[in-house]
Amino acid sequence: MANIYPTLMSEALPDKKRVNEAKAKLEKAGVKYILSCWIDLLGIPKTKPIPISEFE
């Protein structure tokens, strides 16, 4: 069976070119902040606004 999960850290990281393209598209649309969302170790959803300059 093929492994569907990354086995190396380099495989898990997003493509830098796609990240830069997405950031440029958002800046062109006038986006100033994005919402970073995650679930903490206790299972509680968390959200934090991040300036678009910190998109990477």
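One can find the structure itself at the top, above this paragraph.
I will try to describe carefully the structure that is included in this document. Here the structure is a predicted model, which means the values were calculated and not measured.

## Regarding the overall build of the protein
Here comes step 1: When its secondary structure is counted, the protein shows 2 helices and 2 strands.
Here comes step 2: Each helix (α) and strand (β) of the protein, taken in turn from the N terminus, gives the series α-α-β-β.
Here comes step 3: At 15 Å, the protein has a C-alpha radius of gyration far larger than the 10 Å of a compact globule built from 56 residues.
Here comes step 4: Along the longest, intermediate and shortest principal axes, the C-alpha atoms of the protein span 45 × 35 × 15 Å.
Here comes step 5: Evaluated residue by residue, the protein yields a buried proportion of 7% over its 56 residues.
Here comes step 6: When contacts within the protein are restricted to residue pairs at least 6 apart in sequence, those whose partners lie at least 24 apart make up 29%.
Here comes step 7: Only carbon and sulfur atoms are counted for the fraction: they give 61% of the accessible area of the protein, which is about 5,300 Å².
Here comes step 8: Of the charged side chains in the protein, 9 are positive and 7 negative, and the gap between their average positions amounts to 6 Å.

## Describing the pattern of salt bridges
Here comes step 1: Tallying each qualifying case throughout the model produces 2 salt bridges.
Here comes step 2: Here Glu56 makes a salt bridge to Lys23, at a shortest N to O gap of 3.2 Å. Placement of Glu56 in the segment after β2 (45–51) and of Lys23 in helix α2 (residues 16–28) is noted, with a sequence separation of 33 residues between them.
Here comes step 3: By relative accessible area, which is 15% here, Lys23 ends up buried.
Here comes step 4: A salt bridge links Asp40 to Lys46; the shortest N-O distance between them is 3.8 Å.

## Topic: the environment of Ala24
Here comes step 1: In this structure, Ala24 sits in helix α2.
Here comes step 2: According to the relative accessible area criterion, Ala24 is partly exposed, its value standing at 43%.
Here comes step 3: Residues Ala24 and Ile52, spaced 28 residues apart in sequence, show a C-alpha to C-alpha distance of 9.7 Å.

## Focus on the pairing of β2
Here comes step 1: Direction of pairing for strand β1 (residues 33–39) relative to β2: antiparallel, over a ladder of 7 bridges. Residue pairing across strands places Ile34 opposite Ile50, the latter belonging to β2.
Here comes step 2: The turn linking β1 back onto β2 is made up of 5 residues, and Gly43 within it adopts a positive phi angle of 85°.

Calculation criteria
Residues numbered from 1 in each chain as written. Predicted model: local features only at pLDDT ≥ 70, side-chain atom pairs only at ≥ 80, totals over all residues. Heavy atoms only, no water. Helix = DSSP H or I, 4+ residues; strand = E, 2+ residues; numbered from the N terminus. Rg over C-alpha atoms; globule rule 2.2 N^0.38 Å. Buried < 20%, exposed > 50% of the residue type's maximum accessible area, 1.4 Å probe, protein only. Contact = heavy atoms within 4.5 Å. Areas by Shrake-Rupley, 256 points an atom, 1.4 Å probe, with all protein chains shown as cover. Lys, Arg positive; Asp, Glu negative; His and termini not counted. Charge placed at Lys NZ, Arg CZ, Asp CG, Glu CD. Salt bridge = Lys/Arg side-chain N within 4 Å of Asp/Glu carboxyl O. Pairing = 2+ DSSP bridges.

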